[in-house]
Amino acid sequence: MGKPLEGIRIVEVAMWAFVPACGGMLADLGAEVIKVEPPSGDPLRGLKIGSLGSAEARYDWSWESYNRGKRSITLDLRHEAGRAVLDRLLEKADVFLTSLLPPARRSMGIDAQTLRARFPNLIYASGSGTGPNGPDGEKGGYDAITFWARGGIASSLTENDAPAPVGPPGPAFGDTLSGAMLAGAIAAAIARRAMTGEAGEVDVSLLGTAMWSQQRLICQATADGVQRFPRPSGPPHNVLVANYRTADHRFVALCMLQADRYWARFCEVAGRPDLAADPRFAGDIARRANMAECHAEVTALFTSKTLGEWKDILARQDGQWDVVQDVGELQDDPQVQANQYLRRIDAGDGETIPMVASPMLFEGKALPSTRAPELGADSDAVLTELGYDEDAVIDLKVQGVVF
């Protein structure tokens, strides 16, 4: 069985991480994604964000992750000849995907109104900072400021009186989530066009995705007139919904929402049946009334055994739990391996490199990926497919339109 979006052509004029991550997901889904870059390339290429190791990274993991499976053509869209090449690309395209700001799009003649007038069957998809409407609709945005800060996530994770807000866990955290949202919107637009013949415009923003991810908290704050929910401190409301440190300084996360259902068995396998028999801790009401004492007992219990011991113990009861894993442990997680959430792909130089798979399984299988393209790697091939002969290609290169 083929990939779900085979036969769909997407022309991407985008840079950095958010919208390119969307294009990478669509490429995994089988779409032909032609990435149009300026002659200087997407500025994400070679951006030094930091390394987890001491040696210079051999591969640009941001570039490889967000631009997987695409073809690259360089075009100077400020040049009339460059826009003429883009027009040829769009004649047979299903989706135009962009992250450029509205003023830049209008100046190049690639805004939605212009392109959809010329190509009425084209779906116009954009990724924005805060949405296309409103006073900031034409401004840009970045993951760290628009998604993380303005979207309320940093505040929600930061302790009261902290010297600084909590930062994102790593590069492009909100970009990749927003890119997945945009990929879903594009897939819906493709389905609508197939069913109704109507092609239209879709937009997903960093701000909107941040709010979607926190909708439960935002709705309550809005309804209750609360500006900022304080971070919880002290004992939890339920001792079986909490994180506990083990003897070897690891953490176990418990999420047993129906505490009465699991409490007695948990205490039994943990070697403390006396806790379940203690009248102070016998039921939800009693435990809440004596939460400080109950939490102290469970905390001490967890610190008395190693993570390995707790994994064996917790496996003997039915309550929900898991290990707080480090990113480097995920490669060895049996569920990651069984579902191919982390794969090794051909690097083209006799080696393979790791790549996190799109999290969608079709027929129980993960979608394969290929490497991100070198700058302009497919320029000649794409131009030939569009009908440009060798002399025309050379002329475009002489004009500086194509790299």
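This text goes with the structure placed above it.
Here's what I pulled together on the structure shown here. Treat the numbers as computed from the prediction; the structure is a model and nothing was measured.

Another aspect to go through is the sheet that holds strand E7 (residues 241-245). The strand order E7-E8-E9 describes an open sheet built from three strands, whose pairing is antiparallel. At either end of the open sheet lies a strand with only one pairing partner, and these are E7 and strand E9 (321-323). Direction aside, neighbouring strands of the sheet carry axes that sit 20 degrees apart on average. Inspection of the sheet shows strand E8 (residues 251-255) paired to E9 by three bridges, in the antiparallel sense. Looking at E9, one finds that Val252 is bridged to Val323. Packing of helix H14 (residues 291-303) onto the sheet brings it into contact with E7 and E8, and relative to E7 it is tilted by some 40 degrees.

We now examine helix H15 (residues 307-314). If you check which residues of H15 are buried, you get Leu307, Trp310, Ile313 and Leu314. Seen end-on, H15 carries its buried residues on one side only, within an arc spanning 120 degrees. In the core, the buried residues of H15 are packed alongside E8, helix H11 (259-269), H14 and E9.

Here the focus is the side chain of Gln317. The residue Gln317 is located in the loop between H15 and E9 in this model. Under the relative-accessibility criterion, Gln317 is labelled buried at 6%. Here the side chain of Gln317 touches Leu314 through a polar contact of 2.9 Å, landing on its backbone oxygen. At 2.9 Å, the side chain of Gln317 and the backbone nitrogen of Gly319 are in polar contact. Residues within four places of Gln317 in sequence aside, it is in contact with Met256, Arg265, Phe266 and Val269.

Next up on the list: the environment of Ala164. Position of Ala164 among the secondary structure elements: in the loop between helix H7 (153-157) and helix H8 (173-196). Since its relative accessible area comes to 46%, Ala164 is described here as partly exposed. Remark: the alpha-carbon pair of Ala164 and Gly376, spanning 212 residues in sequence, is separated by 42 Å.

Moving on: the pairing of E8. Of the two faces of E8, the one holding Val252 and Leu254 is buried and the one holding Phe251, Ala253 and Cys255 is not buried anywhere. Examined bridge by bridge, E7 and E8 share five bridges and lie antiparallel to one another. Bridging from a neighbouring strand, Tyr244 pairs with Val252 of E8. Taken together, E7 and the strand that follows it, E8, pair antiparallel across an intervening segment of five residues, in which His249 is found at a positive phi of about 65 degrees.

With that out of the way, let us pick up the environment of Asn290. Among the structural elements, Asn290 can be located in the loop between helix H13 (284-289) and H14. The spacing of Asn290 and Arg280 is ten residues in sequence and 6.3 Å in space, taken between C-alpha atoms. When residues no more than four places from it in sequence are discounted, the contact partners of Asn290 are Arg280 and Phe281.

Most of helix H1 (residues 18-28) is tucked away, with eleven of its eleven residues classed as buried. Among all positions of H1, only Phe18, Val19, Pro20, Ala21, Cys22, Gly23, Gly24, Met25, Leu26, Ala27 and Asp28 are buried. Positive backbone phi, at 110 degrees, marks Gly30, one or two positions downstream of H1.

Below, the discussion takes up the pattern of salt bridges. On inspection of all chains with the given rule, the structure shows 23 salt bridges. As a salt-bridge pair, Glu297 and Arg272 come within 3.5 Å of each other at their nearest N and O atoms. Of this pair, Glu297 sits in helix H14 while Arg272 sits in the loop between H11 and helix H12 (273-277), placing them 25 residues apart in sequence. Assessed through its relative accessible area of 22%, Arg272 is described here as partly exposed. When the shortest N-O distance is used, the salt bridge between Arg287 and Asp284 registers 2.7 Å. In this pair, Arg287 and Asp284 are both assigned in helix H13, three residues apart and thus about one turn of the helix distant. Salt bridges here are not isolated pairs; linked through shared partners, they connect Arg9, Glu32, Arg71 and Glu385.

On to the nonpolar core. Inside soluble globular proteins, nonpolar side chains tend to come together where they are buried. Ile10, Leu26, Leu97, Leu182 and Ile186 are the most contacted members of the largest nonpolar core, which has 32 residues in total. The set of elements that each furnish at least two residues to this core consists of H1, strand E4 (95-98), strand E5 (123-128), helix H6 (143-150), H7, H8, strand E6 (201-205) and helix H9 (206-213). At six residues, H1 tops the list of elements feeding residues into this core. Excluding residues within four positions of it along the chain, Leu26 makes contact with Leu5, Ile10, Ala31, Val33, Ala183 and Ile186. Counting residues in hydrophobic clusters, the runner-up holds 30 residues, among them Ile73, Leu77, Ala81 and Val85.

A word on the packing of H8 against H9. Taken N-terminus to C-terminus, the directions of H8 and H9 make an angle of 90 degrees; their axes are 9 Å apart at the nearest point. With respect to H9, the axis of H8 lies roughly perpendicular. Two secondary-structure elements touch here, H8 through Gly174, Asp175, Leu177, Ser178 and Met181 and H9 through Leu206, Thr209 and Trp212. Grouping the amino acids of the contact of H8 with H9 by side-chain chemistry returns four nonpolar, three polar and one charged.

A separate point is the sheet that holds strand E2 (residues 32-37). What holds strands together in a sheet is hydrogen bonding between their backbones, with the strands either parallel or antiparallel. Taken together, the six strands give an open sheet; going across it, the order is E3-E2-E1-E4-E5-E6, and neighbouring strands pair in parallel fashion. Both edges of this open sheet fall to strand E3 (71-74) and E6, since each of them pairs with a single strand only. Recorded for the sheet is a direction-independent mean angle of 20 degrees between the axes of neighbouring strands. When E4 meets E5, the two strands line up parallel, connected through four bridges. Counted as the bridge partner of Val95 is Ile123 from E5. Packing against the sheet, helix H3 (residues 80-91) makes contact with strand E1 (9-13), E2, E3 and E4, and its axis sits at approximately 150 degrees to E1.

Rules used throughout
- Residues numbered from 1 in each chain as written.
- Predicted model: local features only at pLDDT ≥ 70, side-chain atom pairs only at ≥ 80, totals over all residues.
- Heavy atoms only, no water.
- Pairing = 2+ DSSP bridges.
- Helix = DSSP H or I, 4+ residues; strand = E, 2+ residues; numbered from the N terminus.
- Axes fitted to C-alpha atoms, helices over the stretch in contact; angles between N-to-C directions.
- Contact = heavy atoms within 4.5 Å.
- Buried < 20%, exposed > 50% of the residue type's maximum accessible area, 1.4 Å probe, protein only.
- Arc of directions from axis to C-beta.
- Polar contact = N/O pair within 3.5 Å; in protein donor to acceptor, adjacent residues only side chain to side chain.
- Salt bridge = Lys/Arg side-chain N within 4 Å of Asp/Glu carboxyl O.
- Core = buried A, V, L, I, M, F, W, Y, C linked by side-chain atoms within 4.5 Å.
- Parallel < 35°, antiparallel > 145°, perpendicular 65-115°, else oblique.
- Nonpolar A, V, L, I, M, F, W, Y, C, P; charged D, E, K, R; others polar.

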